[in-house]
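Observations on chain architecture
Residues per chain are reported as follows:
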Amino acid sequence: GRVTYITHDGNRHTVELDDGSTVMQGAINNEIPGIDGDCGGCLACGTCHVHVDPQWRAAVGPISPEEADMLQFSAEVAEDSRLSCQIRMRKELDGLIVHLPEAQH
Ligand code: FES
């Protein structure tokens with residue numbers, strides 16, 4: 001499915017992700033600036049922080065306690081914050097829009 005990443009300076013990058021791959025991996029594979037993903041997706045770094053677009057928050061679903069714990073270490077955290085290594089592409093998320101923070105630390 002498609003994911004659009006909107007960087008802090010307003011640039012939009014739309015990429016195609018296979019089902020099952022993560023929004024973090026999609027950014028890394030396509031060299032989209034703004035997501036670091038230092039731990040490779042094992043919920044140990046908090047450098048894959050994104051803001052989920054309001055219209056997509058319900059589809060993405062609730063945050064797990066483990067993810068919420070790790071998210072505390074990210075910068076610019078808000079209500080709509082998620083760790084993108086925990087968002088896996090599936091049919092319902094085709095068209096997903098995420099906003100990237102200014103920095104990951
Ligand atoms: Fe490290 Fe997501 S890539 S927590």
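Rules used in this analysis
Residues numbered from 1 in each chain as written. Predicted model: local features only at pLDDT ≥ 70, side-chain atom pairs only at ≥ 80, totals over all residues. UniProt positions renumbered as here; feature names shortened; annotations may be inferred. Pairing = 2+ DSSP bridges. Helix = DSSP H or I, 4+ residues; strand = E, 2+ residues; numbered from the N terminus. Core = buried A, V, L, I, M, F, W, Y, C linked by C-beta atoms within 7 Å. Buried ≥ 20, exposed ≤ 12 C-beta atoms within 10 Å, placed from the backbone. Contact = placed C-beta atoms within 7 Å. Axes fitted to C-alpha atoms, helices over the stretch in contact; angles between N-to-C directions.

- Under an unreviewed UniProt entry, the name given to the chain is 2Fe-2S ferredoxin, and the organism recorded is Povalibacter uvarum.
- The record in UniProt for the chain states the following under Sequence similarities (unreviewed entry): "Belongs to the adrenodoxin/putidaredoxin family."
- According to the UniProt record, the Cofactor (unreviewed entry) comment for the chain is "[2Fe-2S] cluster".

1. Regarding the pairing of strand β2 (residues 12-16)
- The sheet contact formed by strand β1 (residues 2-6) and β2 spans five bridges and is antiparallel. Note that in β2 the partner of I6 across the bridge is R12.
- Between β1 and β2, which pair antiparallel one after the other, the connecting turn spans five residues, and G10 there sits at a positive phi close to 95 degrees.

2. Focus on the nonpolar core
- Judged by nonpolar contacts, the single largest core of 19 residues is most densely connected at V3, V23, M24 and V98.
- Mapped onto this core, the elements with two or more residues apiece are β1, α1 (23-29), β3 (49-52) and β5 (96-99).
- Sort the elements by how many residues they give to this core and α1 lands first, with three residues.
- Dropping the residues within four chain positions of it, M24 is found in contact with I35, G37, G41, C48, S84 and C85.

3. So, unusual backbone geometry
- Located in the positive-phi region is E31, a residue other than glycine, with phi close to 55 degrees.
- Among the secondary structure elements, E31 is positioned in the loop between α1 and β3.
- Of the residues examined, E31 has 7 C-beta atoms within 10 Å and is grouped as exposed.
- We note that E76 has phi near 55 degrees; this positive angle belongs to a residue other than glycine.

4. A short note on the sheet that holds β2
- Strand order across the open sheet formed by five strands is β2-β1-β5-β3-β4, with mixed pairing between neighbours. Of all the strands in the sheet, just β2 and β4 (81-83) have a single pairing partner and so form its edges. Each adjacent strand pair in this sheet contributes to an overall mean axis angle of 35 degrees, direction not counted.

5. Thoughts on the environment of R2
- In this fold, R2 is placed in strand β1.
- Expressed as a C-alpha distance, the spacing of R2 and S64, which sit 62 residues apart in the sequence, is 24 Å.
- If sequence neighbours within four positions are ignored, R2 has contacts with T14, E16, D94 and G95.

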